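For reference, the chains in residue letters:
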Amino acid sequence: MKTDIAIDVKGLHKSYGDNKVLKGLSFSVNRGTIFSLLGPNGAGKTTTVRILSTLLKPDKGQVSVEGHDVMAQAEAVRASIGLTGQSAAVDELLTGRENLVMMGRLYRLTKASATARAQQLLEEFDLAQAADNKTSTYSGGMRRRLDLAVSLIAEPPVIFLDEPTTGLDPRSRLVMWGIIEQLKAKGSTILLTTQYLEEADQLADRIILIDDGVVKAEGTPKQLKSKVGRDRLVLTFRTSPELEQANIALGRKVSDLDQEQRQLTIMIKGSGQDVGAVLKKLDDANVSIASMEIAKPTLDDVFLNITDKGGK
């Protein structure tokens, strides 16, 4: 019987010799959502994906995908998932179409079914025109799209995307974002790891931030950003002397000073009263500003705040 939980992880442990990578990691992923796993290099993101996809055995813990235990029912798990790793894993000696048909046949689709499914994916991923070219001639973005298409040949309900846009240019990354959102719209459950925090902010319904093998924070992007607290008031000045005068006038309120950009930053609660008090101090000191901007907390702020070793 299906539940609303597509992926369930409880007390996951994994070590490589004396290096404890995962130390009791626990989380669950609701069906039909995009769930993002964030963390610094070495936090255990890829190790977690490898365990979930049956490529690596955990030392301890309970892990299920689509209701199947990854240890006891590994074959059923593999039949339920698609996996796209950090680099495109396609055969460069084959064409895009041949890569897809070959994978379809490995999933035991008939030749006719594999061919039809390959054509469908080639069209969906905007690869139809290059379908019969060898993949060695494909651009990086085309290879990543083909790699994702290959992982979807059997129409799995759960998809693992391990840093799927690493190395792509901004335009190709936006194309991949659109494809990922379309997969979710069709009902897929997606677990996404990424180095790009704006990617998680744009795509994820829910995020966990892991560090040192455990969950440090969990929530929606909005909830996580609210944990950082205050907004930032960024003031820009026309001249360096004006910047120095403002810095003296505002004193301890200044949290950051950028001499090159002639900017100073003040943490505020987001109220007009706070902004008004700052502007009054500058007016009293006879200092004028060139521009003013209120910046909301970002996932970068969350990431740095939570994973800052010096701040622990």
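Residues numbered from 1 in each chain as written. Predicted model: local features only at pLDDT ≥ 70, side-chain atom pairs only at ≥ 80, totals over all residues. Heavy atoms only, no water.

**Q** Looking at this model, I keep getting lost on the overall build of the protein. Mind explaining?
**A** Within the protein, the secondary structure is distributed over eleven helices and 14 strands. Summarising its shape, the C-alpha atoms of the protein cover approximately 80 × 45 × 35 Å along the three principal directions. Looking at the protein residue by residue over its 312 residues, the buried ones come to 43%. Within the protein, residue pairs in contact and separated by at least 24 positions form 67% of the contacts whose partners lie at least 6 positions apart. (Helix = DSSP H or I, 4+ residues; strand = E, 2+ residues; numbered from the N terminus. Buried < 20%, exposed > 50% of the residue type's maximum accessible area, 1.4 Å probe, protein only. Contact = heavy atoms within 4.5 Å.)

**Q** Mind showing me how you'd approach the pairing of strand 2 (residues 19–30) here?
**A** Every other side chain in a regular strand lies on the same face of the sheet, so the side chains alternate between the two faces. Looking at chain direction, strand 1 (residues 5–16) and strand 2 are connected through nine bridges and run antiparallel. Among the inter-strand pairings, Val 9 is bridged to a residue of strand 2, identified as Phe 27. Linking strand 1 back to strand 2 in an antiparallel pair, the connection comprises two residues, with Gly 17 at a positive phi of about 65 degrees. (Pairing = 2+ DSSP bridges.)

**Q** Which parts of the structure should I look at to understand helix 5 (residues 140–151)?
**A** Because an α-helix completes one turn every 3.6 residues, residues spaced three or four positions apart along the sequence face the same direction. For helix 5, spanning twelve residues, the distance from its first C-alpha to its last is 17 Å, which sits close to the expected 16 Å at 1.5 Å a residue. Burial within helix 5 is extensive, with nine of its twelve residues counted as buried. For helix 5, every residue scored as buried is listed here: Gly 141, Arg 144, Arg 145, Leu 146, Asp 147, Leu 148, Ala 149, Val 150 and Ser 151. Contact partners of the buried residues in helix 5: strand 6 (81–84), helix 3 (96–106), helix 4 (111–124), strand 7 (158–162) and helix 6 (170–185). (Expected span 1.5 Å × (residues − 1).)

**Q** Can you help me understand the nonpolar core in this one?
**A** Side chains of a nonpolar character, in soluble globular proteins, are inclined to be buried together. In this structure, Leu 100, Phe 125 and Leu 148 are the most contacted members of the largest nonpolar core, which totals 30 residues. Among the elements that take part in this core, helix 6 stands out by supplying five residues, more than any other. Setting aside residues no more than four positions away along its own chain, Phe 125 makes contact with Arg 145, Leu 148, Ala 149, Leu 152 and Ile 179. (Core = buried A, V, L, I, M, F, W, Y, C linked by side-chain atoms within 4.5 Å.)

**Q** What is the right way to read the packing of helix 8 (residues 221–228) against helix 11 (residues 299–307) from this model?
**A** Close contact between helix 8 and helix 11 brings their axes to 8 Å; oriented N to C, the two are set at 60 degrees. With respect to each other, helix 8 and helix 11 are oriented oblique. When the axes of helix 8 and helix 11 are compared, the crossing they make is left-handed. Taking contact as the criterion, the partners of Pro 221, Leu 224, Lys 225 and Val 228 in helix 8 are, on helix 11, Leu 299, Asp 301 and Val 302. Of the residues contributing to the contact of helix 8 with helix 11, the split by class is five nonpolar, no polar and two charged. (Axes fitted to C-alpha atoms, helices over the stretch in contact; angles between N-to-C directions. Parallel < 35°, antiparallel > 145°, perpendicular 65-115°, else oblique. Left-handed = near helix turned anticlockwise from the far one by under 90°. Nonpolar A, V, L, I, M, F, W, Y, C, P; charged D, E, K, R; others polar.)

**Q** What's the story with the packing of helix 3 against helix 4 in this structure? I'm lost.
**A** Helix-helix packing: each pair is described by the crossing angle between the helix axes and the interaxial distance. Contact geometry for helix 3 and helix 4: axes closest at 8 Å, N-to-C directions at 135 degrees. Relative to helix 4, helix 3 is oriented oblique. The element helix 3 and its partner helix 4 pack so that their crossing is right-handed. Contacts between helix 3 and helix 4 pair Gly 96, Arg 97, Leu 100, Val 101, Gly 104 and Arg 105 from the former with Lys 111, Ala 114, Thr 115, Ala 118, Gln 119, Leu 121 and Leu 122 from the latter.

**Q** Explanation requested: the sheet that holds strand 6 in the structure shown.
**A** Sheets are built from strands that pair by backbone hydrogen bonding, the pairs being arranged parallel or antiparallel. Strand order in the open sheet formed by six strands is 6-7-8-3-9-10, with mixed pairing between adjacent strands. Looking at the sheet topology across the chains shown, the edges are occupied by strand 6 and strand 10 (214–219). Averaged over neighbouring strand pairs, the angle between their axes works out to 15 degrees when direction is ignored. Contacts between helix 8 and the sheet are confined to strand 9 (206–211) and strand 10, with strand 10 contributing the most and set at about 105 degrees to the helix. On the sheet, helix 11 packs against strand 9 and strand 10 and is oriented at approximately 30 degrees with respect to strand 9.

**Q** Just checking my understanding: could you explain the environment of Lys 184 for this structure?
**A** Here Lys 184 lies in helix 6. In sequence terms Lys 184 and Arg 31 are 153 residues apart; their C-alpha atoms lie 9.8 Å from each other. With residues up to four places along the chain from it excluded, the contact list for Lys 184 reads Gly 32, Ile 34, Ile 190 and Asp 205.

**Q** How should helix 9 (residues 240–250) be read in this particular structure?
**A** Among the residues making up helix 9, those that are buried are Glu 242, Leu 243, Ala 246 and Leu 250. One face of helix 9 carries all of its buried residues, which in axial projection span an arc of 100 degrees. Looking at helix 9, the residues exposed on the side facing more than 90 degrees away from the buried face are Pro 241 and Ile 248. One side-chain oxygen at the N-terminal end of helix 9 lies 3.2 Å from the backbone nitrogen of Glu 242; it belongs to Thr 239. Positive phi shows up at Gly 251, right after helix 9, with a value of about 55 degrees. (Arc of directions from axis to C-beta. Polar contact = N/O pair within 3.5 Å; in protein donor to acceptor, adjacent residues only side chain to side chain.)

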